[in-house]
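So the chains spell out like this:
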Amino acid sequence: TPTTIETGTTSSTLTFNGAGGTSGAITLTWQRRGDFVRLNIPAVTATTGTGSTTFTANTALAVAARPTAVQYAPLILMRNNAADAAGAGMVGIGTGGIVTIYLDGSSGAWANAASGGLNGANSVGYFRG
């Protein structure tokens, strides 16, 4: 039997979790082939607030794009303190379909009250299960 291909979009905002953090509007697009999903995350920035360690979507992905176990993937083109960040970031896709962006792989904090997020679009793949 041929592999089923599904596609979808999720309009959401990503919000920094620090005090005074703001949000940026995005539209996530995804394509699922069997148990594998390709998620496209557009460029999005906002003001980090104070002590922000996550930049989290407020709308879940469709059930067809949700993994059965939390999945992580590296991100490039990170923005911190109103400039390109030196290293790679990370995205987590939770079993409930919530997308969370991290500045780095160890839950480091963005610079306080500065522009942060993604300077450019990223496309990541993960196993849905």
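Everything below is about the structure printed above this text.
Residues numbered from 1 in each chain as written. Predicted model: local features only at pLDDT ≥ 70, side-chain atom pairs only at ≥ 80, totals over all residues. Heavy atoms only, no water.

Participant: What am I meant to see in the pairing of strand S1 (residues 5-16) here?
Facilitator: Looking along a regular strand, one sees side chains alternate from face to face of the sheet. Bridge count between S1 and strand S2 (residues 23-33): eleven bridges; the pairing is antiparallel. Across the sheet, Ser-12 pairs through a bridge with Ile-26, a residue of S2. The turn linking S1 back onto S2 is made up of six residues, and Gly-20 within it adopts a positive phi angle of 85°. Note: S1 against strand S5 (residues 55-57), three bridges, orientation antiparallel. Within the sheet, the bridge partner assigned to Thr-15 lies in S5 and is Thr-56. (Pairing = 2+ DSSP bridges. Helix = DSSP H or I, 4+ residues; strand = E, 2+ residues; numbered from the N terminus.)

Participant: What exactly am I supposed to notice about the sheet that holds S2 here?
Facilitator: By way of backbone hydrogen bonds, the strands of a sheet pair with one another, either parallel or antiparallel. Read across the sheet, eight strands follow the order S6-S9-S10-S5-S1-S2-S3-S12 without closing on themselves; strand pairing throughout is antiparallel. Looking at the sheet topology across the chains shown, the edges are occupied by strand S6 (71-75) and strand S12 (122-127). On average, each strand axis in the sheet is inclined to that of its neighbour by 25°, with strand direction left out of account. Here strand S3 (residues 36-41) pairs with S12 via six bridges, running antiparallel. Following the sheet pairing, Ile-41 is matched in S12 by Asn-122. (Axes fitted to C-alpha atoms, helices over the stretch in contact; angles between N-to-C directions.)

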